[in-house]
Amino acid sequence: MEALSRDLWVFIETAEDGSARNVGLELLHPGRRLADAQKGALCAVVVGYQTENAVKEAAAYGADKIIVVDGPEYQHYTTDAYADALYALVSKYGPTTMMIGATNVGRDVGPRLSCRLKTGLTADCTAVDYDEETGNIAWTRPTFGGNLLATIMCPEHRPQIGTVRPGVFKKGEKNEANQPEIINEDIHITAERIRTRLVEVIRELDAENVNLESAEVIVAGGRGVGGPEGFAPLKELADLLGGVVGASRAAVDSDWIGHVHQVGQTGKTVGPKLYIACGISGAIQHVAGMSGSDTIVAINKDPDAPIFNLADYAVVGDLKLVIPALIREIKESRK
């Protein structure tokens, strides 16, 4: 389809209680820069049920416009309801660009929407930019198993759509005084159109207590912790620092810790203030998920471990000795 406006849309994913999930609010930050570059408005698209809080949050994080679709059929995500609603909105308003979080929801609805619109979608992006020469969005994503980064453009079709990993960008400054234009769209999907229904929610053990994407401190363990028991001192250190425990894919694949803790290309992308990598070699698949951390401390007994190339502070030593010593020093300093 042809773009009807130069606007850039950010899909604000909502939780069951109607609040905004972090990823959409994060994407408003780069969305501001890109919308200005393509000389359009920054528009937040909120779909959910009882979404007043999500709308307020999108306004506070800088949206110029907010399009709202609210109804009980959107309380629990279904492909049919969300794809129909978003397709109707895009067909009506014709944005030139749309950014979606690369969550379970985004990875499902994004391809369905792009297929209906007969446009391209760049999935699982870790960076976005504006190409002034062509006027296209430059979407960057890992490829070939995370060993290379590819930059992709969609010059022939609109809108340009990309899913962006949570945690890649940080939320911008909050401005409660921002007063965007609010557009309420009355779009309802009949029950017959929705071919799936939520039967039961099975929550992963400890999942509610492990919010890697919002954590300010993460203490992560890799193969070097030696086994499941090796995560106990990491948990103690994380608790002392007010953080959570992360893990590499190697540790998760070995069943030493649950997948909810995994950081990396096949796990969560994080950007905490402090990331402590314990016994993690620094494979590019892991680095892709945590390189945006403000401060990185690496502890590894191999002085040639690739993780040291990324670290702000490097500790060459046995983590089984370093971590207990660090815990003792922290406790001593707080007496």
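What this report covers is the structure whose coordinates are included nearby.

About the cut-offs
- Residues numbered from 1 in each chain as written.
- Predicted model: local features only at pLDDT ≥ 70, side-chain atom pairs only at ≥ 80, totals over all residues.
- Heavy atoms only, no water.
- Buried < 20%, exposed > 50% of the residue type's maximum accessible area, 1.4 Å probe, protein only.
- Helix = DSSP H or I, 4+ residues; strand = E, 2+ residues; numbered from the N terminus.
- Pairing = 2+ DSSP bridges.
- Right-handed = clockwise from strand over helix to strand, strands pointing away.
- Axes fitted to C-alpha atoms, helices over the stretch in contact; angles between N-to-C directions.
- Parallel < 35°, antiparallel > 145°, perpendicular 65-115°, else oblique.
- Left-handed = near helix turned anticlockwise from the far one by under 90°.
- Contact = heavy atoms within 4.5 Å.
- Nonpolar A, V, L, I, M, F, W, Y, C, P; charged D, E, K, R; others polar.
- Phe/Tyr/Trp six-rings, centres within 6.5 Å; stacked < 30°, edge-to-face > 60°.
- Core = buried A, V, L, I, M, F, W, Y, C linked by side-chain atoms within 4.5 Å.

Moving on to the pairing of strand β11 (residues 217-221). Burial analysis of β11 places 5 of its 5 residues in the buried class, which makes it a mostly covered element. Pairing of β11 with strand β13 (residues 274-278), which is carried by 5 bridges, proceeds in the parallel orientation. In the sheet register, V219 faces β13, and the bridge partner there is I276. Handedness of the crossover is the feature at issue here: the chain leaves β11, passes through helix α5 (residues 231-240), returns alongside strand β12 (residues 244-247), and the resulting connection is right-handed.

Turning next to the packing of α5 against helix α8 (residues 319-333). It is at 10 Å that the axes of α5 and α8 come closest, and there the two elements cross at 25 degrees. When the axis of α5 is compared with that of α8, the two are roughly parallel. The crossing of α5 and α8 is left-handed. Residues P233, L234, E236, L237 and L240 of α5 lie in contact with α8, whose contacting residues are I323, L326, I327, I330 and K331. Residue classes in the contact of α5 with α8 are distributed as 8 nonpolar, no polar and 2 charged.

With that settled, the discussion passes to the sheet that holds β12. A sheet is described by the order of its strands in space; here 5 strands give the open sequence β12-β11-β13-β14-β15, paired in parallel fashion. The open sheet has two edge strands with one neighbour each: β12 and β15 (313-316). Pairwise comparison of adjacent strand axes, ignoring direction, gives a mean angle of 20 degrees for this sheet. Here α8 sits on the sheet and contacts β13, β14 (295-300) and β15; the angle it forms with β14, its principal contact strand, is near 130 degrees.

Burial runs high along β14: 5 of the 6 residues are buried. Bridge count for β13 against β14 is 5 bridges, and the pairing is parallel. Bridging from a neighbouring strand, C278 pairs with I299 of β14.

Turning to the packing of helix α3 (residues 79-93) against helix α4 (residues 104-117), a few remarks are in order. Where α3 contacts α4, the axes come no closer than 9 Å and their chain directions differ by 45 degrees. The angle between α3 and α4 places the two elements in the oblique class. Considering how the two elements wind past one another, α3 and α4 form a crossing that is right-handed. The segment α3 lies against α4, with T79, D80, Y82, A83, D84, L86, Y87, V90 and S91 engaging D108, V109, R112, L113, R116 and L117.

With that out of the way, let us pick up the packing of aromatic side chains. Applying the stated criterion to the full structure yields 4 aromatic pairs. Where F11 meets Y82, the ring centres are 6.4 Å apart and the plane angle is 85 degrees; that geometry is what we call edge-to-face. Taken together, the positions of F11 in strand β1 (residues 8-12) and Y82 in helix α3 put the pair 71 residues apart, joining distant regions of the chain. There is no split in this pair, since F11 and Y82 are both buried.

Right, let's talk about the nonpolar core for a bit. V10, I12, L28, I66, M99 and V164 are the most contacted members of the largest nonpolar core, which has 28 residues in total. Counting only elements with at least two residues in this core, the list comes to β1, α1 (22-37), β2 (42-48), α2 (52-60), β3 (65-70) and β7 (136-143). The next biggest cluster of nonpolar side chains, apart from the first, holds 26 residues, and it includes V45, I67, Y82 and L117.

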